[in-house]
Amino acid sequence: MSNIIELKNVNKIYKGAVDTHVLFDININFDSNSCNAVVGESGSGKSTLLNIIGTLDKPTEGEIIIDGIKIGDMDKNKLAELRNETIGFVFQFHYLLPEFTALENVLIPYLIKNRRTSREIIEKADELFEMLGITRWKNSLVTKMSGGQQQRTAIARALINNPRILIADEPTGNLDTETTNKICGSFREINQRFGTTFIVVTHNREVAERTDRIIEIKDGRIEKDVLK
Amino acid sequence: MLSLKIAIRFLKTGGAQNLLIIVGIAIAISIQIFVGLLINSLQKTLVDRTIGNSPQITILSSTDINTIRDWDIIVRDLEEVDQIRATAVSATANAFIQDGSRNLPIIVRGFNFDDFDSIYNIRDSLYEGKPYKSVREVLIGKNLREELEVDIGDRIFVKTPEGKETYFIISGFYDLGVASINESWILANLDTTQRIFYFGNRITSIEVTVKDIFAADNTAYEIEKLLDNNDIKVNNWKEQNEELLSGLEGQRMSSLVIQIVIIASVVIAISSVLAITVLQKSKEIGILKAMGIKDLAASSIFIYEGFLLGLLGATLGVILGLGLLYGFDASTTSADGVAIVDLYIEYDFIITSWFIGVAASTIAGILPARKSLRLNPVDIIREG
């Protein structure tokens, strides 16, 4: 399998009254179509790593290559385009727009790039709702939905543009075990059905166990990298 | 168009906060329209009532004999001037009325009645009697009538400065609303004054009204150039009423200052409320940026919000402002039911005010838009 993400000698230092060195010489590759978990204690640097992979943050040193393209020289607009087309995000908090319905929220990444929706994209949204088991709520305002339904809507939103990579930061952090299981099942299904590369940051051992590879971060360094 | 869609949705769910902004803009624009149109109407009413029913341009002789020869050629030339509404030729002279032992100074003004009417609207001011026709017939003003205690058909005896004595027969009484005219002007035929005062075929002035009162100085200059005659001079009301004009200008400037202050306060108010909206919506903006919305599109949400608030507020303001103006007009009438101020609804001014409201509100969106540019999705996500 080819690498879809490559990190070379990545360091991250937060400047301040006292500089904080968060990541130390990270060298890591992610295969396309793989399902990966990043685990570690709070403050270990795993979320920072995820933000750098997701192009939301920049490394202080080092190089990031996504889908064969070095992103270090890209300007803000190019990075925004890359995120819109290539990367889907799921966060611990869903960050759905409360003013919109579930369907409207899901279509937003598509509408960032396109002026209006097409029949194909509505069908794609319906397919995602069906797969995630939330078809009943697709026309509900997100404020009327449960936490699990909101998080599944956020997953559908992350997938609407067929991204090659899905980055999830503690996606089940706020959810009960049953909903967590459902979401993990969905991730697996999406990975197999659409060939999406998953990188999931989690505290939850069970969630990590359901992936192909577990990378453990400790004090800003890769402590373990286990391929199952 | 996602930015516009999000802006509309933000506004719809904004509730009382947005309603207050819209009402704020509406009040500001309504005051702008009310004050602006009222001041303009007041000025026009003032000018119309003082200058409107009198000549705005007067052509006089600049020679020592104070009379104009070949005036019919001048009148024909004036027909070429597009801005002229009416002209009236006059032969005017001072005289005295002999009333018992009293000698009252008067001005005998000779006009063709219809020409005089076209400038002074005398038909409407003729409250008793009929226009003069024969050589002896004259009209006298309300105040002079009260002074002399005379009636229609009575004779009044007049003495010219040269000592010639004659009499007139009163055919009617007028009230031009100006006491100094009502007590001194005796209106007669042009022929009558030309004969009594030995003017021959000469006249003393040509009085002119123009279509645009405030452009009277330009029209006067045009007439001067057209006639190109050193024996005459062309006066206009503006150069003779500089104090009135500076008063009107002062009024206009103070109204402008009020309007600018109102608009400035609206811009500041909208801007600060929208800046709070940026804070309220920072999570949404952050996640939109994470999903790939570009900075310009994200910040344009707040420009659109400003624009839409301005659109609604300014439209409501126009309706409210006109309502206030008509309400004011209906509630401020004189004892005889006539409006104190004649309303002049200037559509250009209303459209400009509406446009200013929309533009100011849109500009007010720039500050929060700039603020949103600085929102970094990582900060939002890290803060949770």
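Remember, predicted model here, so these are calculated numbers, not experimental data. (Residues numbered from 1 in each chain as written. Chains lettered and ligands numbered in written order. Predicted model: local features only at pLDDT ≥ 70, side-chain atom pairs only at ≥ 80, totals over all residues.)

For this particular structure, what's the right way to read the overall build of chain A?
Assigned secondary structure in chain A consists of 7 helices and 10 strands. Taken over the C-alpha trace, chain A has a radius of gyration of 17 Å; the compact-globule value for 228 residues is 17 Å, and the two agree within 12%. The principal-axis extents of the C-alpha atoms in chain A amount to approximately 45 × 40 × 40 Å. Expressed as a percentage of the 228 residues in chain A, the buried residues total 47%. (Helix = DSSP H or I, 4+ residues; strand = E, 2+ residues; numbered from the N terminus. Rg over C-alpha atoms; globule rule 2.2 N^0.38 Å. Buried ≥ 20, exposed ≤ 12 C-beta atoms within 10 Å, placed from the backbone.)

Please clarify how the overall build of chain B should be interpreted in this entry.
From N to C terminus, chain B includes 16 helices and 10 strands. Relative to its length of 384 residues, chain B is extended, with a C-alpha radius of gyration of 32 Å against a globular reference of 21 Å. In terms of overall dimensions, chain B has C-alpha extents of about 105 × 50 × 30 Å along its principal axes. Counting only residues that meet the buried cut, chain B has 40% of its 384 residues in that class.

How do you make sense of the packing of helix 4 (residues 119–132) of chain A against helix 5 (residues 147–159) of chain A when you look at a structure like this?
Helix-helix packing is described using two parameters, namely the angle between the two axes and the distance between the axes. All names here are of chain A. One can describe the packing of helix 4 onto helix 5 by two numbers: an axis separation of 10 Å at closest approach and a directional angle of 140°. With respect to their mutual orientation, helix 4 and helix 5 come out oblique. Helix-helix and strand crossings are classified by hand; for helix 4 and helix 5 the assignment is right-handed. In this structure, helix 4 contributes Ala125, Leu128, Phe129 and Leu132 to the contact, and helix 5 contributes Arg152, Ile155, Ala156 and Leu159. By residue class, the composition of the contact of helix 4 with helix 5 is 7 nonpolar, no polar and 1 charged. (Axes fitted to C-alpha atoms, helices over the stretch in contact; angles between N-to-C directions. Parallel < 35°, antiparallel > 145°, perpendicular 65-115°, else oblique. Left-handed = near helix turned anticlockwise from the far one by under 90°. Contact = placed C-beta atoms within 7 Å. Nonpolar A, V, L, I, M, F, W, Y, C, P; charged D, E, K, R; others polar.)

Would you take a moment to explain the interface of chain A and chain B for this structure?
One widely used convention gives an interface's size as the accessible area the parts lose upon coming together. Every contact between the two is made by 22 residues of chain A and, on the other side, 18 residues of chain B. Secondary structure elements with two or more residues in the side of chain A that touches chain B: helix 2 (76–86) and helix 3 (102–113) of chain A. When residues in the side of chain A that touches chain B are grouped by element, the largest group, 6 residues, is from helix 2 of chain A. The residue inventory of the side of chain A that touches chain B, partitioned by class, reads 12 nonpolar, 4 polar and 6 charged.

It is not clear to me how the environment of Glu284 of chain B should be interpreted in this structure. Could you clarify?
Residue and element names in this part refer to chain B. Mapped onto the fold, Glu284 is located in helix 12 (residues 282–290). Given 21 C-beta atoms within 10 Å, Glu284 falls into the buried group. Separated by 96 residues in the primary sequence, Glu284 and Ile380 place their C-alpha atoms 9.1 Å from one another.

Even after reading the chapter, I still don't get the nonpolar core, so can you show me in this structure?
Nonpolar side chains in soluble globular proteins tend to end up buried together. Residues Val38, Ala156, Ile167 and Ile199 of chain A together with Ile25 of chain B are the most contacted members of the largest nonpolar core, which totals 112 residues. Setting aside residues up to four positions removed in sequence, Ala156 of chain A forms contacts with Val106, Ala125, Leu128, Phe129 and Leu132 of chain A. Counting 50 residues, the second-largest nonpolar core is a separate cluster that includes Ile59, Ile122, Ile186 and Ala216 of chain B. (Core = buried A, V, L, I, M, F, W, Y, C linked by C-beta atoms within 7 Å.)

Honestly, the pairing of strand 9 (residues 213–218) of chain A in this entry has me stumped. Any pointers?
Residues and elements named next belong to chain A. Looking at chain direction, strand 3 (residues 35–40) and strand 9 are connected through 5 bridges and run parallel. Looking across to strand 9, one finds that Asn36 is bridged to Arg213. Joining the antiparallel neighbours strand 9 and strand 10 (residues 221–227) is a turn of 2 residues, in which Asp219 adopts a positive phi near 50°. (Pairing = 2+ DSSP bridges.)

Is there a simple way to explain the pairing of strand 5 (residues 137–141) of chain B in this structure?
Remark: a regular strand shows side chains that alternate across the two faces of the sheet. Residues and elements named next belong to chain B. Counted residue by residue, strand 5 has 5 buried out of 5 residues, so it is predominantly covered. Across 5 bridges, the pairing between strand 5 and strand 7 (residues 165–174) is parallel. For Val138, the partnering residue across the bridge sits in strand 7 and is Ile170. Inspection of the sheet shows strand 5 paired to strand 8 (residues 185–188) by 2 bridges, in the antiparallel sense. Among the inter-strand pairings, Leu139 is bridged to a residue of strand 8, identified as Leu187.

How should the packing of helix 11 (residues 242–280) of chain B against helix 13 (residues 295–331) of chain B be read in this particular structure?
All names here are of chain B. Remark: helix 11 packs on helix 13, axes separated minimally by 11 Å, with the N-to-C direction vectors making an angle of 135°. Classified by the angle between their axes, helix 11 and helix 13 sit oblique to one another. The crossing of helix 11 and helix 13 is right-handed. Contacts from Ile270, Leu274 and Val278 in helix 11 reach Phe302, Glu305, Gly306 and Leu309 in helix 13. Residue composition of the contact of helix 11 with helix 13, grouped by class: 5 nonpolar, 1 polar and 1 charged.

What is the right way to read the domain arrangement of chain B from this model?
Each assigned domain of chain B is listed here: domain 1 (2–50 + 244–383) and domain 2 (57–240). A C-alpha centroid distance of 52 Å is found between domain 1 of chain B and domain 2 of chain B. (Domains from an automatic or database assignment.)

Sorry if this is basic, but what is going on with unusual backbone geometry here?
Excluding glycine, most residues fall at negative phi; most peptide bonds, likewise, are trans. A positive phi angle, near 65°, is found at Thr55 of chain A, a position not held by glycine. The residue Thr55 of chain A is located in the loop between helix 1 (46–53) and strand 4 (61–66) in this model. Residue class for Thr55 of chain A comes out buried when judged on the 23 C-beta atoms lying within 10 Å of it. A positive phi angle, close to 45°, is found at Asp228 of chain B, a residue other than glycine. Turning to its location among the elements, Asp228 of chain B is positioned in the loop between helix 9 (216–227) and strand 10 (232–236).

Explanation requested: the sheet that holds strand 1 (residues 3–14) of chain A in the structure shown.
Hydrogen bonds between backbone groups are what pair the strands of a sheet, and the pairing can be parallel or antiparallel. Residues and elements named next belong to chain A. The antiparallel open sheet is built from 4 strands, whose spatial order is 2-1-4-5. Two strands close off the open sheet at either side, each with one partner strand: strand 2 (20–31) and strand 5 (69–70). Taken together, the 5 bridges between strand 1 and strand 4 define a ladder with antiparallel strand orientation. Its bridge partner being in strand 4, Leu7 is matched across the sheet by Ile64.

Just checking my understanding: could you explain the sheet that holds strand 6 (residues 87–90) of chain A for this structure?
All names here are of chain A. On the basis of which strands lie adjacent, the open sheet formed by 6 strands has the order 6-7-8-3-9-10 and mixed pairing. Whereas interior strands pair on both sides, the edge strands pair on one side only; in this sheet they are strand 6 and strand 10. Going from strand to strand, the sheet's axes swing by 15° on average, the running direction of each strand aside. In this structure, strand 7 (residues 165–169) lies alongside strand 8 (residues 197–201), joined through 5 bridges in parallel fashion.

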